[in-house]
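Listed below are the residues making up each chain.
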Amino acid sequence: LEGKPVKLSDYRGEVVVVSLWATWCAPCKQELKHLDQMYKRLKGKGLVVLAVATDGPETRSDVRSAARRGRWKVPVLVDDSGAAMAKLNPRGTIPYSLFIDRQGRVAHRHEGYSPGDEKAYGPLIDKLLAEPTR
C-alpha cells in the first residue's frame, strides 16, 4: 500500500503464502482473516503472508479500507497493473493462494475458499516451517 515494489526472492528462507484477493470478494476476505491469524501466530517462526489485492487503480482506496476494517497485520500489496495476477494465476480466479517453501518453490496452490479450507492450511504451513533452511 506504500507503493514500494516487492519481490518474492526477498523472502527466500521463509515460508510465504501469497493470497490474491479483491475488495469485492467476500470469500477472499474470509480467507484473509484466517491467514492473518496464522501470520500473527507464526511470523516469528518464519511465516510471511502477502495479501495481493487485484483491484484496479480506481479502487485502490477500497483496498486500504478493507485492510483497516479487517485489522490485518499481513503486508497488503496492490497489483493494479495485473502483472502479478498474470504471472502467478493466469486463470484469474480469486481467492487464489500460493504456499511457497523456504527454497522459493511453490509447494501448494489453492483456488477458491469455503469455510473450513483454513483447517488444511495449518498442517501444510507447519510442514513447510519444519523444513530446514538451505
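Residues numbered from 1 in each chain as written. Predicted model: local features only at pLDDT ≥ 70, side-chain atom pairs only at ≥ 80, totals over all residues. Heavy atoms only, no water.

When helices and strands are tallied, the protein shows 4 helices and 5 strands. Its C-alpha atoms give the protein principal-axis dimensions of about 40 × 30 × 30 Å. The buried share of the protein, reckoned over its 134 residues, is 46%. Here the contacts in the protein between residues at least 6 apart in sequence split such that 71% fall between residues at least 24 apart. Accessible area for the protein stands at about 7400 Å²; split by element, carbon and sulfur atoms hold 51% of it. For the protein, the centre of its 23 positive side-chain charges and the centre of its 16 negative side-chain charges are spaced 5 Å apart. (Helix = DSSP H or I, 4+ residues; strand = E, 2+ residues; numbered from the N terminus. Buried < 20%, exposed > 50% of the residue type's maximum accessible area, 1.4 Å probe, protein only. Contact = heavy atoms within 4.5 Å. Areas by Shrake-Rupley, 256 points an atom, 1.4 Å probe, with all protein chains shown as cover. Lys, Arg positive; Asp, Glu negative; His and termini not counted. Charge placed at Lys NZ, Arg CZ, Asp CG, Glu CD.)

A few words on the state of the cysteines. Tallying each qualifying case throughout the model produces 1 disulfide. Covalent S-S linkage joins C25 and C28, the inter-sulfur distance amounting to 2.3 Å. Here the S-S torsion is close to 80 degrees, and the disulfide linking C25 with C28 is therefore right-handed. (Disulfide = S-S within 2.5 Å.)

What follows is about the sheet that holds strand β2 (residues 47-53). Taken together, the 5 strands give an open sheet; going across it, the order is β3-β2-β1-β4-β5, and neighbouring strands pair in mixed fashion. Of all strands in the sheet, those bounded by a partner on one side alone are β3 (76-78) and β5 (106-111). When the angles between neighbouring strand axes are averaged without regard to direction, this sheet yields 20 degrees. Both β2 and β3 contribute to a ladder of 3 bridges, which runs parallel. For A51, the partnering residue across the bridge sits in β3 and is V76. Each of β1 (15-21), β2, β4 (96-100) and β5 touches helix α4 (residues 118-130); the most contacted strand, β4, lies at about 25 degrees to it. (Pairing = 2+ DSSP bridges. Axes fitted to C-alpha atoms, helices over the stretch in contact; angles between N-to-C directions.)

For the rest of this paragraph, the subject is helix α2 (residues 60-70). Those residues of α2 lying buried are V63, A66 and A67. Buried residues along α2 cover an arc of 95 degrees about the axis, so they all sit on one side. The exposed residues of α2 that point more than 90 degrees off its buried face are S61, R68 and R69. Considering only its buried residues, α2 is in contact with β1, β2 and β3. (Arc of directions from axis to C-beta.)

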